[in-house]
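Fold and geometry: a report
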Amino acid sequence: MADAHLSLADVARLAGVSPATASRALNSRPEVAEATRARVLAVAREHHYVASPEASGLASRTTGRVAVVVPHLSRWFFGALLEGLEARLRRAGLDVLLYHVPTRRDRHDFFERLPARRKVDAVVVLAFPVSEHEQARLAMMGVGIVAAGGQVAAFPHVCIDDHAAARQAVDHLLFLGHRRIAMIEAVDPESAEWRDGMGRATGYHEALAEAGVAPDPELVVTVPWGEQHGADAMSRLLGLREPPTAVYAHSDEVAAGALATLRRAGLRVPQDVSVIGIDDHPLAALLDLTTVAQPVREQGEAAGQLVVDLVAGRDVPRGRAVPTRLVVRGSTAPPRASAGA
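Each chain carries its own residue numbering, running from 1 in the written order of its sequence. Residues qualify for local features only when their pLDDT is at least 70, as the model is predicted, and side-chain atom pairs are given and counted only at 80 or more; totals for whole chains, interfaces and linings, by contrast, use all residues. To get the side-chain values, take all heavy atoms of the structure and skip hydrogens and water.

Our focus in this paragraph is the environment of Phe 110. Only runs of H or I of at least four residues qualify as helices and only runs of E of at least two qualify as strands under DSSP, and these elements are numbered from the N terminus. Structurally, Phe 110 can be placed in helix H6 (residues 104-117). In sequence terms Phe 110 and His 100 are 10 residues apart; their C-alpha atoms lie 9.1 Å from each other.

In structure tokens, the structure reads:
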């Protein structure tokens, strides 16, 4: 009959090994002989033993837990990133402690309390900037720090080259013959200091400059992320005396809002206005939206591998940029003046 009070020491005694070896076996550490591992697991199964995080860390002084800090849970990008990260950590036997910090106040409170916890092996920051003070608080923990979905500070990170992605999008519109190209720039009000930390705006300005297109401030509209904000931005652009022939949006969700406004205005896409986004959101194909695709879930998995390597004491690269690719669909075409050329 199972003993509900069985401890790790009891499992070790019944298996004829030390508590440290029992802990290694239960955590699938490679240095444990297969016969020893099988014996420890058999005892654990027979007695329905469940290791506590504290006990399972005896051999390596690890907790088996990773703190993941995320600013948004409802947005597709963050959900896909978290899905890939959690899957890789789960395969390595690491549990995730999720911390949702949607506002500056939430973020401040989290970083103030975090060093006192000290009960995780690593911290993963998902796509938001970390201030110098917050970096100092993280450093006090003495654990590995990884960033995913964007480079923050000097931590090991996995991201795309947002500047290059912007160039792919705007260069595509320029190649088609567009010269009056608008940009719907999306920013997070809670991270205003990271306004172009990703490079999606600088890539736009650089591409136009190289093509000899004079900048027009009226063609740049800055709004928060989200479909409705994209729709509002498109309304502003249509109110110009000379509206754009093409629109580059910082994300597919923002681009979807722009498409909705164009449809309501009775304009045809791409015959009247071309639209391009970034991300390759799951709805982009249904909207027939041309976009620059980024592998979001894969970035989460790669960040998870960085965590696994850090916890194991292996060296990790400082940064890794995953490639993006242009996906041409039906929302972009040459402007009407040159369509028949």
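Any two strands between which DSSP finds at least two bridges are classified as paired. If you trace the 6 strands from one edge of the open sheet to the other, you get S7-S6-S8-S9-S10-S12, paired in mixed fashion. Lying at the two open borders of the sheet, with one neighbouring strand each, are strand S7 (220-224) and strand S12 (325-327). On average, each strand axis in the sheet is inclined to that of its neighbour by 20°, with strand direction left out of account. Sheet topology places strand S6 (residues 181-187) next to S7; 5 bridges connect them, and they run parallel. Directly across from Val 187, in S7, lies its bridge partner Pro 224. Sitting on the sheet, helix H11 (residues 252-264) touches S6, strand S8 (246-249), strand S9 (274-279) and strand S10 (290-293), and the angle it makes with S9 is about 160°. For helices, the fitted axis covers only the stretch in contact; all axes are lines through C-alpha atoms, and the angles between them, taken along N-to-C directions, range from 0 to 180 degrees. Two residues qualify as a contact provided that any one of their heavy atoms is within 4.5 Å of a heavy atom in the partner residue.

With that settled, the discussion passes to helix H2 (residues 19-26). Each α-helix winds once per 3.6 residues, and so residues spaced three or four apart point in a common direction. Using a 1.4 Å probe on the protein chains alone, a residue whose accessible area is under 20% of its type maximum counts as buried, one over 50% counts as exposed, and one in between counts as partly exposed. Those residues of H2 not exposed but buried are Ala 22, Ser 23 and Ala 25. Projected down its long axis, H2 shows its buried positions confined to an angular sector of 165°, all on one face. Along the arc lie the directions from the helix axis toward the C-beta atoms.

The N-to-C vectors of helix H1 (residues 8-15) and helix H3 (residues 34-46) enclose an angle of 125°; their axes lie 9 Å apart at closest approach. In this view, H1 runs oblique relative to H3, as classed from their interaxial angle. The interaxial crossing formed by H1 with H3 has right-handed handedness. Here Val 11, Leu 14 and Ala 15 of H1 come into contact with H3, specifically with Arg 39, Val 40 and Val 43. Comment on the angle field: the value is read as roughly parallel under 35 degrees, roughly antiparallel over 145, roughly perpendicular from 65 to 115, and oblique elsewhere. Handedness of a crossing is defined here by the sense of rotation of the near helix relative to the far one, left-handed for an anticlockwise turn of less than a right angle and right-handed for a clockwise turn.

Before going further, it helps to spend a moment on the pairing of strand S3 (residues 122-126). Taken across its 5 residues, S3 has 5 buried, putting it largely inside the fold. Of the two faces of S3, both are covered, the one formed by Ala 122, Val 124 and Leu 126 as well as the one formed by Val 123 and Val 125. With 4 bridges connecting them, strand S1 (residues 65-70) and S3 associate as parallel partners. From the neighbouring strand, Ala 67 faces S3, where its bridge partner is Val 123. Alignment of S3 against strand S4 (residues 144-148), held across 5 bridges, turns out to be parallel.

Right, let's get into the nonpolar core. Within the largest apolar cluster, 65 residues are counted, with the highest numbers of intra-cluster contacts made by Leu 126, Ile 184 and Tyr 248. Sequence-distant contacts of Leu 126, that is, excluding residues within four places in its chain, are made with Val 68, Val 69, Val 70, Pro 71, Phe 78, Leu 81, Leu 82, Leu 85 and Ala 148. Within the second largest apolar cluster, 16 residues are counted, among which are Val 69, Phe 128, Val 130 and Leu 138. Only buried residues count toward a nonpolar core, which is a set of Ala, Val, Leu, Ile, Met, Phe, Trp, Tyr and Cys residues joined through side-chain atoms within 4.5 Å.

To describe a pair of aromatic rings, you give the distance between the ring centres and the angle between the ring planes. Two rings from Phe, Tyr or Trp (for Trp, the six-membered ring) form a pair when their centres sit within 6.5 Å of each other. Planes less than 30 degrees apart are called stacked, planes more than 60 degrees apart edge-to-face, and all others tilted. Tallying each qualifying case throughout the model produces 4 aromatic pairs. Taking 5.4 Å as the distance between ring centres and 85° as the angle between the ring planes, the aromatic pair formed by Phe 77 and Phe 78 counts as edge-to-face. On the basis of relative accessible area, Phe 77 is assigned to the buried category, the value being 12%. With 5.2 Å between their ring centres and 80° between their planes, Phe 110 and Phe 111 make a pair best called edge-to-face. You'll find Phe 110 and Phe 111 in the same group, each marked buried.

Pairing within the open sheet is parallel, and its 6 strands lie in the order S2-S1-S3-S4-S5-S11. The sheet is open, and its two borders are formed by strand S2 (95-100) and strand S11 (319-322), each paired with just one other strand. Taken pair by pair, the neighbouring strands of this sheet meet at an average axis angle of 20°, ignoring direction.

This part is about the pairing of S2. By the bridge criterion, 6 bridges tie S1 to S2 in an arrangement that is parallel. Bridge assignment links Val 69 to a residue of S2, and that residue is Tyr 99. Read from S1 through helix H5 (residues 76-91) to S2, the crossover connection turns out right-handed. Handedness of a crossover: with both strands directed away from the viewer, a clockwise path from the first strand across the helix to the second marks it as right-handed.

Once that is clear, we can look at the pattern of salt bridges. By definition, a salt bridge exists where a carboxyl oxygen of Asp or Glu is found within 4 Å of a side-chain nitrogen of Lys or Arg. Counted under the stated rule, the structure contains 19 salt bridges. Where Arg 297 meets Glu 83, a salt bridge forms, and the shortest distance between an N and an O atom there is 3.1 Å. Of this pair, Arg 297 sits in helix H12 (residues 296-311) while Glu 83 sits in helix H5; the two residues are 214 residues apart in sequence, bridging distant segments of the chain. For Arg 297, a relative accessible area of 31% gives the class partly exposed.

All quantities given are derived from atomic positions and should not be read as evidence of function.
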